[in-house]
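Notes for the structure review
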Amino acid sequence: MTAGAANCTRGCSTTPTNNRAEIDKVADAGAFIMGRNMFGPLRGEWDRPWDGWWGDDPPFHAPVFVLTHHAREPQPMEGGTTYHFVTDGIESALAQARAAAGDRNVSVQGGATTINQYLAAGLLDELRLHIVPLTLGAGTRVFEGVPPLKLEQLTSRSTSRVTHVTYAVLAG
């Protein structure tokens with residue numbers, strides 16, 4: 001299972017040709033997992049409609065399992081994406097995503113809190129970081145609260161606006 005700890009939204013979207021290989025890798029999963037914060041800005045109970053940041057035809061084109069504390073019915077979208085809302089933890093989301101993905105990969109998209117939970121639980125075997133020179137000033141950091149890890153760099157490639165690095169996550 002792979003994790004894309006930082007999405008390529010700023011650097012990749014402005015130079016899609018330069019970053020096509022990485023964009024294709026991100027999109028090539030059979031199922032995706034993301035945290036509630038990555039799905040949208042709403043907190044607490046689902047008190048108003050929200051279908052995610054990506055519009056009517058999200059880029060996933062596969063099942064997406066959203067970690068949340070508040071139950072909600074699945075939300076089918078155009079293009080084969082259906083958001084499933086998982087309230088019983090990261091292991092349950094992973095089991096559901098693996099079942100949905102079949103022989104294909106499962107990708108944990110983020111945000112950082114979700115990536116950190118899967119890293120801390122030892123449930124990731126690959127980590128892809130897309131590093132863009134942009135300072136946000138606040139937010140959750142990748143690796144925050146994660147025990148020491150042994151990472152082996154598999155690939156690294158720079159483009160004009162983003163550096164893509166892939167690591168194997170080895171047993172600590």
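Heads up: the structure comes first, above all this text.
Residues numbered from 1 in each chain as written. Predicted model: local features only at pLDDT ≥ 70, side-chain atom pairs only at ≥ 80, totals over all residues. Heavy atoms only, no water.

With that out of the way, let us pick up the pairing of strand β5 (residues 82–86). Counting buried positions over the five residues of β5 gives four, a clear majority of the element. One ladder, built from five bridges, connects strand β3 (residues 63–67) with β5; its direction is parallel. Its bridge partner being in β5, Pro63 is matched across the sheet by Thr82. Pairing geometry for strand β4 (residues 75–76) and β5, over two bridges, is antiparallel. Across the sheet, the residue bridging to Gln75 is Tyr83, located in β5. Between the antiparallel neighbours β4 and β5 lie five residues, among them Gly79 with a positive phi of about 80°. (Buried < 20%, exposed > 50% of the residue type's maximum accessible area, 1.4 Å probe, protein only. Helix = DSSP H or I, 4+ residues; strand = E, 2+ residues; numbered from the N terminus. Pairing = 2+ DSSP bridges.)

Time to look at helix α4 (residues 90–101). With twelve residues, α4 ought to run about 16 Å at 1.5 Å a step, and its terminal C-alpha atoms sit 16 Å apart, in line with that. Residues of α4 that are buried: Ile90, Ser92, Ala93, Leu94, Ala97 and Ala101. Considering only its buried residues, α4 is in contact with β2 (31–35), β3, β5, β6 (106–110) and α5 (112–120). Positioned one or two residues after α4, Gly102 has a phi angle of 65°, which is positive. (Expected span 1.5 Å × (residues − 1). Contact = heavy atoms within 4.5 Å.)

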